[in-house]
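Structural overview for review
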Amino acid sequence: MTTTPTASETAPAAPLPSSLDVQETPVRDQPPPTGLRPHPSDAALRWHPRHTHATDFRILTHRALIRTAAGSSRTRRFAECGHRWWLWQSTTTADRYQLRRGACHDRLCPACSTVRAIRMRAVILDWIGHDHVRCITLTLRHTADRLMDRLDRLYACFRQLRHTPAWRKYVTGGIGFVEVRRNPNTNTWHVHLHVLAKGTWWPQADLAATWKAVTGDSDIVDIRLLVQPHAAASYVTKYATKLVGPDVHNSDRAFDEYITAIKGRKLLVTFGTARSLKLLTVPPDPDWQCKGDIDFLISHDCIPTWVHDHALAALATVPDNVHVYDLYCDPDTG
Ligand SMILES: [Zn+2]
């Protein structure tokens, strides 16, 4: 549904503070540029160009995953993000192979979150099409409750809001992103839901009254129209890539509580006309098939000799900033 914007609800898009591109620097064997005190678990986090912009955050996250017993396989995948290589074979050209760096796909990995946001943004922009969308921010009144309880309540209230006649009148569908912040001075959690919604103009005062009726104590809401597609894209990128800030990860206790509270919980919600969007699904690539971890394949001698030899040579020389390496060779000539 497309509506005409009014001057009062039109807001300029705020510029993003950073690029979507993963920063890559071809430097080898450089220690982590961090001021953190060393910890035995840091040895698992070899410095890597995939993560130059978030080294301290990765170290703190890795320590928190260990403290919260997040699972050995998840913790290992997180630590090894970008370090391992996987062999892929073309399904259309049998003698064509690629080495691709592995990724952990963890929601707490900044590099993987960025890649996921690029994919998510394309899906959402396709869903928006030529329609106008609004961004709605819903906030719960601050309390001293545990984060887990705050999130439970936010989700329950949002579910209840979507069943109100007013919501059904003004909103046809959308995507909600959860934002978690913490006040380190009061040790209180602040949770917000940022919603990208299709529908018609909804007076802010009416929305506030509806949210107050649902929550019983919270009437702080914001709603504004995003006229330009890039504004919607920036909105998606901002909240899809947003990880917790220093107010959370600089406190072991707070970071542990955060990781425990979001475990197994969706941090984005789709509803209405956006419910069927596949935001987190990696689209299949019919032209390539993953054969396995190259170290395993080499050690078990289960790939063609020329691939074995070329892979070994490539792994010894491939620059740090290369993430896909083509292995193409005529097996008859080597
Ligand atoms: Zn990762």
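Cut-offs used in this document
Residues numbered from 1 in each chain as written. Predicted model: local features only at pLDDT ≥ 70, side-chain atom pairs only at ≥ 80, totals over all residues. Helix = DSSP H or I, 4+ residues; strand = E, 2+ residues; numbered from the N terminus. Buried ≥ 20, exposed ≤ 12 C-beta atoms within 10 Å, placed from the backbone. Contact = placed C-beta atoms within 7 Å. Core = buried A, V, L, I, M, F, W, Y, C linked by C-beta atoms within 7 Å. Arc of directions from axis to C-beta. Pairing = 2+ DSSP bridges. Axes fitted to C-alpha atoms, helices over the stretch in contact; angles between N-to-C directions. Expected span 1.5 Å × (residues − 1). Parallel < 35°, antiparallel > 145°, perpendicular 65-115°, else oblique. Nonpolar A, V, L, I, M, F, W, Y, C, P; charged D, E, K, R; others polar. Left-handed = near helix turned anticlockwise from the far one by under 90°. pLDDT = per-residue confidence, 0-100.

The subject of this paragraph is the overall build of the protein. A count of helices and strands for the protein gives eleven helices and nine strands. The burial tally for the protein puts 27% of its 334 residues in the buried class. Summarising the internal contacts of the protein: among those between residues at least 6 apart in sequence, 71% fall at separations of at least 24.

This part covers the nonpolar core. The biggest cluster of nonpolar side chains holds 58 residues, and the ones touching the most others in it are L196 and V236. In this structure L196 touches V133, C135, G174, I175, A232, Y235 and V236, once residues within four positions along its chain are discounted. Counting nine residues, the second largest nonpolar core, distinct from the first, contains W85, Y97, A311 and L327.

Our focus in this paragraph is helix α9 (residues 252-262). Taken as a whole, α9 has its buried residues at A254, F255 and Y258. Seen from one end, α9 has its buried residues packed into an arc of 100°, which puts them on one side. In α9, the exposed positions that point more than 90 degrees away from the buried face belong to D252 and R253. Looking at the buried positions of α9, the neighbouring elements they touch are α1 (55-67), α4 (147-162), β4 (171-183) and α8 (246-249). Trailing α9 by a residue or two, G264 shows a phi angle of about 70°, which is positive.

Sheet architecture is open: four strands sit in the order β8-β1-β2-β9, paired in antiparallel fashion. Single-partner strands in this sheet number two, and they are β8 (288-293) and β9 (324-328). Averaged over all pairs of adjacent strands, the angle between strand axes in this sheet comes to 25°, irrespective of strand direction. Sheet analysis places strand β1 (residues 85-90) next to β8, joined by five bridges and oriented antiparallel. Looking at β8, one finds that Q89 is bridged to Q289. Across the sheet, helix α11 (residues 305-317) touches β1, β2 (96-101) and β9, and the angle it forms with β9 is around 145°.

If you walk across this open sheet you meet the five strands as β6-β3-β5-β4-β7, and the pairing is antiparallel. What marks the edges here is a single partner per strand, and that holds for β6 (221-226) and β7 (268-272). The average undirected angle you get between the axes of adjacent strands in this sheet is 20°. As defined by bridge partners, β4 adjoins strand β5 (residues 188-199) across twelve bridges and the pair is classed as antiparallel. By the bridge assignment, V171 is partnered in β5 with G199.

Turning next to α4. Compared with the 22 Å implied by 1.5 Å per residue over 16 residues, the 23 Å span of α4 between its first and last C-alpha is a close match. The complete set of buried residues in α4 reads L147, R150, L151, L154, F158 and L161. Take α4 and look down its axis: the buried residues cluster within an arc of 95°, on one side only. Along α4, exposed side chains directed more than 90 degrees from the buried face belong to D149, A156 and R159. Packed against the buried residues of α4 are β3 (133-139), α5 (165-170), β4, β5, α6 (204-215) and α9.

This brings us to the packing of α1 against helix α2 (residues 72-79). Where α1 contacts α2, the two axes come as close as 10 Å, and the packing angle between them is 170°. By the angle between their directions, the pair α1 and α2 is classed as roughly antiparallel. From α1, H62, L65 and I66 reach across to α2, where they touch R74, T75, F78 and A79. In the contact of α1 with α2, the residues fall into four nonpolar, two polar and one charged.

Before going further, it helps to spend a moment on the packing of α4 against α6. Between α4 and α6, whose axes approach to 9 Å, the crossing angle comes to 125°. It follows from the interaxial angle that α4 and α6 lie oblique. You can see that α4 and α6 cross each other, and the crossing is right-handed. Where α4 approaches α6, its residues C157, Q160 and L161 are matched on the opposing element by T210, W211, V214 and T215. Partitioned by chemical class, the residues of the contact of α4 with α6 number four nonpolar, three polar and no charged.

When pLDDT is averaged along the protein, the result is 83, and 86% of the positions lie at 70 or above. No element of the protein has a lower mean pLDDT than helix α7 (residues 229-240), at 77, and none a higher one than α6, at 97. Contacts of residues 1-32 to residues separated by more than four positions or lying in other chains number 55 contacts, the stretch itself having pLDDT below 50.

Let's shift gears to unusual backbone geometry. Of all residues except glycine, most have a negative phi; of all peptide bonds, most are trans. Of note, the phi angle at H105 is positive, near 60°, even though the residue is not glycine. Along the chain, H105 turns up in the loop between β2 and α3 (110-128). A count of 15 C-beta atoms within 10 Å places H105 in the partly exposed class. In this structure, D301 is a non-glycine residue whose phi angle is positive, near 50°. Inspection of the secondary structure assignment puts D301 in the loop between α10 (294-299) and α11.

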